Amino acid sequence: DQSIKKAFLHYADSSAVVFANGKIANAMASWNAVPEISGLLEWAPALTCMSSSGDLAFNTGPFTFRPSAGDTISGSGHFNTIWLKNKNGEWKFLADLGADTRNTSLQTIEPRIIMGLTPDTSSRTIGTLEAELNMALAKSGNQTYTAFLRPDSWFNIDGLPALTSETAILAALDQIPETVKYTSVKSGLSIAKDLGYVYGYAEVNGRKENFLRVWGHTANGWKILLQVLKS
């Protein structure tokens, strides 16, 4: 109704970030610096999860872009957004990272919601989880992920179709870059301590890119709900 630029500015938290070419930038500053964008940006949330405390959420799903409503699709992929409810009770996005996944369609994925997260009563932080994951990846490679997945885990990785289940992720382990070095920049945890996120830099084949990961606490411990890798 307004424009792509106005929409992103309206729903951005003051601390929100966007990602481009391996860099992380403030979302408001970035969107204010670009001219109005014509065209039609469409997306369809396919996987959503909200903390039981109602303050933190994420979703992912396919998106398409057309220069105008009558044009063919010129860009597509999967969006990945972290949401925070602010002190005014408004949902604003904290991070927005797109992945250039293949064969994107707005109609091919049945929407689903992740339920059943449980509060973590320990003192573990997202930083601790990331350190444990990175240590295990350095030792055992991508087979490490088998201990951190659940049936509805979802991976979006540049150049691969969206991996929308534990089965799909495990089948594609040999296609995921093996020697990625992850450097966290910022993390957050819900009030209920059942949902958390981290984003930062991913060094892939000597090139700095970005990653985003969402963690959920379950009866079986912390699991990766979403992983996004620009490669």
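In what follows, the structure referred to is the one given above.
Residues numbered from 1 in each chain as written. Predicted model: local features only at pLDDT ≥ 70, side-chain atom pairs only at ≥ 80, totals over all residues. Heavy atoms only, no water.

A.B. asks: Let's hear about the overall build of the chain: which residues, and what values?
C.D. replies: The secondary structure content of the chain amounts to four helices and 13 strands. Computed over its C-alpha atoms, the radius of gyration of the chain comes to 17 Å, within 12% of the 17 Å expected for a compact globule of 231 residues. Overall, the chain is about 50 × 40 × 35 Å in size when its C-alpha atoms are taken along their principal axes. Per-residue burial for the chain yields a buried fraction of 46% across its 231 residues. Taking the contacts inside the chain whose residues are at least 6 apart along the sequence as the reference set, 58% of them involve residues at least 24 apart. Of the roughly 11,300 Å² of accessible surface on the chain, a fraction of 53% belongs to carbon and sulfur atoms. Each charge sign in the chain was given a centre, from 20 positive and 21 negative side chains, and these centres are 5 Å apart. (Helix = DSSP H or I, 4+ residues; strand = E, 2+ residues; numbered from the N terminus. Rg over C-alpha atoms; globule rule 2.2 N^0.38 Å. Buried < 20%, exposed > 50% of the residue type's maximum accessible area, 1.4 Å probe, protein only. Contact = heavy atoms within 4.5 Å. Areas by Shrake-Rupley, 256 points an atom, 1.4 Å probe, with all protein chains shown as cover. Lys, Arg positive; Asp, Glu negative; His and termini not counted. Charge placed at Lys NZ, Arg CZ, Asp CG, Glu CD.)

A.B. asks: I'd like to hear about helix α1 (residues 4–11), residue by residue, with values.
C.D. replies: By the burial criterion, the buried members of α1 are Ile4, Lys5, Phe8 and Leu9. Buried residues along α1 cover an arc of 125 degrees about the axis, so they all sit on one side. (Arc of directions from axis to C-beta.)

A.B. asks: With reference to specific residues and values, describe the pairing of strand β5 (residues 56–66).
C.D. replies: Regular strands place their side chains on alternate faces of the sheet. Of all the 11 residues making up β5, 10 are buried; the element is thus mostly covered by neighbouring parts of the structure. Bridge count between strand β3 (residues 40–43) and β5: four bridges; the pairing is antiparallel. The residue bridging Trp43 from the neighbouring strand is Phe63, located in β5. Between strand β4 (residues 47–50) and β5, which pair antiparallel one after the other, the connecting turn spans five residues, and Gly54 there sits at a positive phi close to 70 degrees. (Pairing = 2+ DSSP bridges.)

A.B. asks: Can you lay out the nonpolar core for me, pointing to particular residues and giving the numbers?
C.D. replies: One finds Tyr145, Phe155, Tyr182, Trp215 and Leu229 to be the most contacted residues of the largest nonpolar core, which totals 25 residues. Elements with a minimum of two residues in this core: α3 (126–140), β9 (154–157), β11 (195–204), β12 (207–218) and β13 (221–229). The element that contributes the greatest number of residues to this core is α3, accounting for four residues. With residues near it in sequence (within four places) discarded, Leu229 still touches Asn156, Ile157, Asp158, Pro177, Val180, Tyr182, Ala202, Val204, Asn210 and Phe211. In terms of nonpolar packing, the next biggest core, distinct from the first, is built from 24 residues, Ala46, Leu94, Leu117 and Ala162 among them. (Core = buried A, V, L, I, M, F, W, Y, C linked by side-chain atoms within 4.5 Å.)

A.B. asks: Give a detailed account of the side chain of Thr64, specifying residues and quantitative values.
C.D. replies: Within the secondary structure layout, Thr64 lies in strand β5. When near neighbours in sequence (up to four residues on either side) are disregarded, Thr64 contacts Leu40, Leu41, Glu42, Ile73, Gly75, Ser76 and Leu106.

A.B. asks: Which residues make up the side chain of Asn156, and what values go with them?
C.D. replies: Looking at where Asn156 falls in the secondary structure, it is placed in strand β9. For Asn156, the side chain forms a polar contact with the side chain of Asn80, separated by 2.7 Å. Non-local contacts of Asn156, meaning those with residues more than four positions away in its chain, are made with Thr60, His78, Phe79, Asn80, Ala99, Thr101, Ala162, Leu226, Gln227, Val228 and Leu229. (Polar contact = N/O pair within 3.5 Å; in protein donor to acceptor, adjacent residues only side chain to side chain.)

A.B. asks: Break down the layout of surface pockets for me, citing the residues and quoting the values.
C.D. replies: If a probe as big as a water molecule is rolled over the atoms, it shows which places are left empty. Taken as a whole, the largest pocket holds about 1,200 Å³ of empty space. Ile4, Phe8, Trp31, Leu41 and Asp96 are the residues nearest the centre of the largest pocket, which is lined by 36 residues in total. Going through the elements one at a time, α1, β1 (12–20), β2 (23–26), α2 (27–32), β3, β5, β6 (75–85) and β7 (91–96) are the ones with two or more residues in the lining of the largest pocket. Residue contributions to the lining of the largest pocket peak at five residues, all from β6. Along the lines of polarity and charge, the residues of the lining of the largest pocket split into 22 nonpolar, nine polar and five charged. (1 Å grid on protein atoms, 1.4 Å probe; cavity = no way out; pocket = protein on both sides within 12 Å on 5 of 7 lines; lining within 4 Å. Points joined across faces, edges and corners; volume = space filled by probe spheres on them. Nonpolar A, V, L, I, M, F, W, Y, C, P; charged D, E, K, R; others polar.)

Function cannot be read off these values alone, since they describe shape.
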